[in-house]
Amino acid sequence: MVLAVNIGLEIHCQLTALRSKLFCSCHSDYRGKKPNNNVCPICSGLPGSLPLLNQRAIELAGMVSLALGCTVPDKIRFYRKNYFYPDLPKNFQLSQYNFYGISSIGVDGKLDYTGSKKTFIRRVQLEEDPGRLIYETGTSDTNFYTLIDYNRAGVALIEIVTEPDFTDPRDVRIFLNKISSIIEHLGICDTKLEGSVRCDANVSIEGKKKVEIKNVNSFKEVEKALTYEITRQKTMSIHDIEIKAETRHWDDLRKITKQARTKEEEQDYRYFPEPDIPTIVLGNEFVSSLKVNMPELPEERKVRFVTDYKLSEHVAQVLIDNKEISDFFEVSVKIYSSPKEIANWIVTDLMGFIDDSEQKGSIFSGLKIEAKHVADLARLVDQNIINRSTAKTILKQIIKTGEMPSQLVANINASKIDDAGVIAEAVESIFVREKSAVIDAKTNPNVANFLLGKVMQLTKGKADPKIALNLITTKLTESN
Amino acid sequence: MANLCHLDSRQITLGIKNGDFSAEEYVSQILERIEKIDGKINAFITVDKEGALEKARLIDRKIRNGEQNIGPLAGVTVGIKDNICTSGLKTTCASKILEDYVPPYDATAVRRLKESDAIIMGKLNLDEFAMGSTTEYSKNGPTHNPWNIDYVAGGSSGGSAASVAALECAISLGSDTGGSIRCPASFCSVVGLKPTYGSVSRYGLVSYANSLEQIGPIGKTVSDVVMVMNAIAGKDNRDHTTLELVPKYTLNPTKKNIRVGLVKELVEGAEPEISKCIYSAMDLFSSLDFKCEETSMNSIEYSLSSYYTIAMAEASSNLARYDNIRYGFDLSPDGYEWNMYFSKVRSNFGQEVKRRIIIGSYVLSAGYYGKYYLKAQKVRSLLKRELKSLFEKYDILIAPTMPLLPFKFGDKIEDPLKMYLIDIDTVIANLSGIPAITVPAGFSNDLPIGLQIMANELQEQTMLDAALIFESATNNIQRSPDL
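Residues numbered from 1 in each chain as written. Chains lettered and ligands numbered in written order. Predicted model: local features only at pLDDT ≥ 70, side-chain atom pairs only at ≥ 80, totals over all residues.

1. Quick word on the overall build of chain B
Reasoning step 1: The secondary structure content of chain B amounts to 16 helices and 13 strands.
Reasoning step 2: Against the compact-globule benchmark of 23 Å for 483 residues, chain B has a radius of gyration of 21 Å, which places it among compact chains.
Reasoning step 3: Principal-axis analysis of the C-alpha atoms places the extent of chain B at approximately 65 × 55 × 45 Å.
Reasoning step 4: By the burial criterion, 57% of the 483 residues in chain B qualify as buried.
Reasoning step 5: For chain B, contacts bridging at least 24 residues in sequence account for 76% of all contacts bridging at least 6. (Helix = DSSP H or I, 4+ residues; strand = E, 2+ residues; numbered from the N terminus. Rg over C-alpha atoms; globule rule 2.2 N^0.38 Å. Buried ≥ 20, exposed ≤ 12 C-beta atoms within 10 Å, placed from the backbone. Contact = placed C-beta atoms within 7 Å.)

Written out as structure tokens, the structure is:
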């Protein structure tokens, strides 16, 4: 039985490119700091403090909105979202809301992904991150006490809300990769920092009740969480068990969704406009000046790769899906201008060694290879100095060692044994050792290759195989 | 040595700069005065004796050394309403919830007063979180009216007005959300000014209703409040709602033939003695060649409901942060689930604060937002439009500050609606953001009456001109009673 699935996403992304928080001058980089040391009267919600808007955050959020095809309105406002939670210093969150003619920084966007598929973006909004709850004694279910660290409180977030357009968790993964690449290209968020991107999802089947999945702390886990949740709901549906509208948390360790401990019923957030921040008039210039100053987007880069470098659509797509890889490619091309050859080496060979399952750090971390190596390798192949299969072997090695391919080739050549006398000695001793093989050779022509292998083994691969094979065949003919 | 407590700000600064007396001598007299009479008045919550004396000595030293950088408020003693943050000095909002709270920073207005060499004497009583009109809702007990200690001093800045009338400080800062400066100033026969919204920074003012309130001065004379305004007003980078403005208020009325509109509905709605007093104020202005006439304001009918709806809505959100996690009072969270702990903590708010949080949450809730909060905002726009057209015809509007005379403790507290009604004359200025001042206008049964003067946005100078002219034409009106 095929059941219709609808998936919508709420993606949170920290604006890590900002130096300070959204409403105060505390550092936006809270990671690794002593707890509750990256706070001030504003972000800790002390009585009498007032929010001071980080203007740069508006620009970054505006860029994201434009990149996602959203309309950016002439004026925006901040709203208070009122709810009690210990990680929220003011017990309200400054956020945005589309309400009575005022909208958030971006509305009604659209993003195409994998060919003909597209997802509509309901809105892009700016808001502040809460603090962090720390359960030293275990999980939120088993703790005796909870510690609160407000260092993160007030860090600027953008929230991207999609329409429930997805029907397949695999599409969600592709979409999220695309979002990742866009925010990386815009340079607004270092997606590799822990917790810098988070995703909540809502899932319903056959138009039944909507289930929210929270606590998914990496894009990679979203697909797994959704697949699990869809299976759960389908199973319930088949057995005529009612699906409740509820919030479920993704359990990262057990890879299941589970009901939130406290029942989060339909909350009334009592939104109202923040009186301490007057309406922000963006003006006509805002969008046009953003467009002028906006970094190249993945789609634009892809077109450039196809036109300027004559790459195929497919290869260009694979490259731009990850900013680090496309940067790597372009650095290589700058060193040695052979875009197609370099792109092929990256896409068909190097990609297999890249492990992007880890959220932290560069995807090249652990690999010794650099752009200059690939450029060098491409040159060696282009100039017929080495053949492709040798190049592949060399690639494997430099990934581990970081040696320069041309140096490596030079070393191999230097140590090559081309002295026929030395090789003849080796052939001689193999013929003595492998007597039965030599006899077989009279009826089986493949034995020559077997013997060559043995010679190469003996000379530790240094013998020139052409000379060796020559000697072997001559010797076999002689012995006949 | 002569009694220095009755001096106004200008006289104090002059006296100290001329060497007639030292700041320390003057502050010592003020401290003695506080010690002697504050038991009766209950204006102060905290007296900063050491801090005040230290600052006085610093000023004296600067003068002895012939330094040039003597501030314009040198030596002037100031009391600060206890909902305005003072670095290192408790700021309690007269609430159990903040009874031990010591802010790590100064409100911008306080910082600017300090930079002007004013001397902070301490923190003044108020209704809890500035919610009230009589200062009866204070955790520290009510402030007594210096003119008759069985009567309320008005509120919520009761301590700020009573301390000035009782000569416990020369000037004070109050905050005015719906009349909280003007009401007690009127009840205590002193001058109180609510500035144009955005002309004084709210940074460090513990928010009650952000879109309505302003910090403002209370003093014995118009000159007092002008001097304070020149020190505290102006753009502050810590408050987005402040306006680009460089304060240069003067004491030399230049504007001739000021056009005066008397707001009929407000005068008619007041007690007869008060109406009579306001009509004679109009006669006085007429005799001074002001062009006076009666005028009408239709939106007054809805202003009070609009005011309380907006104020309570904002309050319900502003006061959510008091959960005792980061600061507060002594209450161990041991054994509580956090929701239970929040409830336990927040049961410590006073009755009136709880009432306003509950009503405010209600008017913002889904399904009621449009019916209440949004409608209140529409009334607000209506009122602004009406005032805009009125100020095309008039330079100032006059009305009573309070529709009634000061009353006895307990008279209104049983009935919140009755209590809310007494703000009818003052909320107009808060809803519309315009400036308003109250000046002593006379007495009835030995209880003070205040004349309220309102002007258009940022037209403080015209308003002050009228107030100065009125003040000098009525110089027999007493500012401080014998105590």
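2. Digging into the overall build of chain A
Reasoning step 1: Looking only at helices and strands, one finds 15 helices and 15 strands in chain A.
Reasoning step 2: The C-alpha atoms of chain A give 30 Å as radius of gyration, which overshoots the globular expectation for 480 residues (23 Å, by more than 25%).
Reasoning step 3: Considering only C-alpha atoms, chain A reaches an extent of 100 × 55 × 45 Å along its principal axes.
Reasoning step 4: Burial statistics for chain A: of 480 residues in total, 38% are counted as buried.
Reasoning step 5: If you take every contact in chain A between residues at least 6 apart in sequence, the share linking residues at least 24 apart comes to 70%.

3. Quick word on the sheet that holds strand 9 (residues 156–162) of chain A
Residue and element names in this part refer to chain A.
Reasoning step 1: Taken together, the eight strands give an open sheet; going across it, the order is 5-6-9-1-10-11-12-13, and neighbouring strands pair in mixed fashion. Two strands lie at the open edges of the sheet, namely strand 5 (106–113) and strand 13 (256–259), each paired on one side alone. The average angle at which neighbouring strand axes cross in this sheet is 30 degrees, direction not considered.
Reasoning step 2: In terms of strand pairing, strand 6 (residues 117–128) meets strand 9 through seven bridges, oriented antiparallel. Looking at the pairing, Gln-125 lines up with Glu-159 of strand 9.
Reasoning step 3: Contacting strand 5, strand 6 and strand 9, helix 1 (residues 55–67) runs over the sheet at an angle of about 170 degrees to strand 6. (Pairing = 2+ DSSP bridges. Axes fitted to C-alpha atoms, helices over the stretch in contact; angles between N-to-C directions.)

4. So, the domain arrangement of chain A
Size of an interface, as often reported, equals the accessible area lost when the parts are brought together.
Reasoning step 1: Split by domain assignment, chain A resolves into domain 1 (5–286), domain 2 (296–415) and domain 3 (420–479).
Reasoning step 2: The straight-line distance from the C-alpha centre of domain 1 of chain A to that of domain 3 of chain A is 69 Å. (Domains from an automatic or database assignment.)

5. Side note on unusual backbone geometry
Reasoning step 1: Between B:Gly155 and the following residue, B:Ser156, the backbone shows a cis peptide bond with an omega angle of 10 degrees.
Reasoning step 2: One non-glycine residue, A:Asp240, adopts positive backbone phi at about 55 degrees.
Reasoning step 3: Exposure remark for A:Asp240: the 6 C-beta atoms within 10 Å place this residue in the exposed category.

6. Brief notes about the interface of chain B and chain A
Reasoning step 1: Taken together, the contacts link 33 residues of chain B with 25 residues of chain A.
Reasoning step 2: Listing elements by their share of the side of chain B that touches chain A, those giving two or more residues are helix 10 (300–318), helix 11 (338–346) and helix 12 (351–364) of chain B.
Reasoning step 3: Sorting elements by how many residues they give to the side of chain B that touches chain A places helix 10 of chain B first, with three residues.
Reasoning step 4: Among the residues forming the side of chain B that touches chain A, the class breakdown is 18 nonpolar, eight polar and seven charged. (Nonpolar A, V, L, I, M, F, W, Y, C, P; charged D, E, K, R; others polar.)

7. Concerning the sheet that holds strand 13 (residues 447–455) of chain B
Residues and elements named next belong to chain B.
Reasoning step 1: Reading across the sheet, the 11 strands line up as 1-3-2-6-8-7-12-13-11-9-10 and stay open at both edges, with mixed pairing between neighbours. Two strands bound the open sheet, and with one partner strand each, they are strand 1 (44–47) and strand 10 (291–295). Mean inter-strand twist for the sheet, computed between neighbouring axes without regard to direction, equals 30 degrees.
Reasoning step 2: Inspection of the sheet shows strand 1 paired to strand 3 (residues 119–124) by three bridges, in the antiparallel sense. Its bridge partner lying in strand 3, Val-47 is registered against Gly-122.
Reasoning step 3: Seen against the sheet, helix 9 (residues 272–287) touches strand 9 (259–263), strand 10, strand 11 (396–400), strand 12 (436–444) and strand 13 and runs at an angle of roughly 150 degrees to strand 11.

8. Describing the packing of helix 9 (residues 371–382) of chain A against helix 10 (residues 388–401) of chain A
All names here are of chain A.
Reasoning step 1: Where helix 9 meets helix 10, the axes come as close as 10 Å, and the angle between the chain directions of the two elements is 165 degrees. By the criterion of interaxial angle, the relationship of helix 9 to helix 10 is roughly antiparallel. Between helix 9 and helix 10 the crossing geometry is right-handed. When helix 9 is examined against helix 10, the residues His-373, Leu-377, Leu-380 and Val-381 are found in contact with a partner set consisting of Arg-388, Ala-391, Ile-394, Leu-395 and Ile-398.
Reasoning step 2: Taken together, the residues that form the contact of helix 9 with helix 10 break down as seven nonpolar, one polar and one charged. (Parallel < 35°, antiparallel > 145°, perpendicular 65-115°, else oblique. Left-handed = near helix turned anticlockwise from the far one by under 90°.)

9. Notes on the environment of B:Cys5
Reasoning step 1: Among the structural elements, B:Cys5 can be located in the segment before helix 1 (9–18).
Reasoning step 2: B:Cys5 sits 26 residues away from B:Leu31 along the chain, and the two C-alpha atoms are 9.8 Å apart.

10. Side note on the confidence of the model for chain B
Reasoning step 1: The predicted model of chain B has a mean per-residue pLDDT of 96, with 100% of residues at 70 or higher.
Reasoning step 2: For this predicted complex, the interface confidence comes out at an ipTM of 0.95, alongside a pTM of 0.89. (pLDDT = per-residue confidence, 0-100.)

11. Here's the deal with the packing of helix 2 (residues 23–41) of chain B against helix 3 (residues 49–64) of chain B
All names here are of chain B.
Reasoning step 1: Their axes nearest at 8 Å, the elements helix 2 and helix 3 cross at an angle of 160 degrees. On the basis of the axis angle, helix 2 is roughly antiparallel to helix 3. For the crossing formed where helix 2 meets helix 3, the hand is right-handed. Taken together, the residues of helix 3 that come into contact with helix 2 (itself represented by Ala-23, Glu-24, Val-27 and Leu-31) are Lys-49, Ala-52, Leu-53, Ala-56, Arg-57, Ile-59 and Asp-60.

12. A short note on helix 14 (residues 447–458) of chain A
Residue and element names in this part refer to chain A.
Reasoning step 1: Its 12 residues give helix 14 an end-to-end C-alpha distance of 17 Å, which sits within 8% of 16 Å, the value for a rise of 1.5 Å per residue.
Reasoning step 2: Within helix 14, burial applies to Leu-451, Lys-454 and Val-455. With its buried residues spanning 100 degrees around the axis, helix 14 presents them on a single face. In helix 14, those exposed residues whose orientation departs by more than 90 degrees from the buried face are Asn-449, Gly-453 and Gln-457.
Reasoning step 3: Two residues or fewer after helix 14 comes Lys-460, characterised by a positive phi angle close to 55 degrees. (Expected span 1.5 Å × (residues − 1). Arc of directions from axis to C-beta.)

13. Here's the deal with the nonpolar core
Reasoning step 1: A:Val64, B:Val78, B:Ile119, B:Ala161, B:Ile396, B:Ile398 and B:Ile453 are the most contacted members of the largest nonpolar core, which totals 219 residues.
Reasoning step 2: If you tally residues by element for this core, the top one is helix 10 of chain B, at nine residues.
Reasoning step 3: Each residue touching B:Ile453, except ones within four places of it in the same chain, is listed here: B:Ile396, B:Ile398, B:Ala436, B:Ile437, B:Met463, B:Ala466 and B:Ala467.
Reasoning step 4: Counting residues in hydrophobic clusters, the runner-up holds 29 residues, among them A:Ala316, A:Leu319, A:Val347 and A:Ile369. (Core = buried A, V, L, I, M, F, W, Y, C linked by C-beta atoms within 7 Å.)

14. As for helix 7 (residues 222–232) of chain B
Residues and elements named next belong to chain B.
Reasoning step 1: With respect to burial, helix 7 is a largely interior element, nine of its 11 residues being buried.
Reasoning step 2: Residues of helix 7 that are buried include every one of Val-222, Asp-224, Val-225, Val-226, Met-227, Val-228, Met-229, Ala-231 and Ile-232, and no others.
Reasoning step 3: Looking one or two places after helix 7, you find Gly-234, whose phi comes out positive at around 115 degrees.

15. Notes on the pairing of strand 7 (residues 191–194) of chain B
All names here are of chain B.
Reasoning step 1: Alternating positions in strand 7 separate into two faces, Val-191 and Leu-193 on one and Gly-192 and Lys-194 on the other, with burial throughout.
Reasoning step 2: The pairing of strand 7 with strand 12 spans three bridges and is antiparallel. Considered in strand 12, the bridge of Leu-193 is made with Ile-437.

16. Let's talk about the environment of A:Ile412
All names here are of chain A.
Reasoning step 1: Its location among the elements puts Ile-412 in helix 11 (residues 405–415).
Reasoning step 2: Of the residues examined, Ile-412 has 14 C-beta atoms within 10 Å and is grouped as partly exposed.
Reasoning step 3: For the pair formed by Ile-412 and Ile-134, sequence separation is 278 residues and the distance between their alpha carbons is 56 Å.

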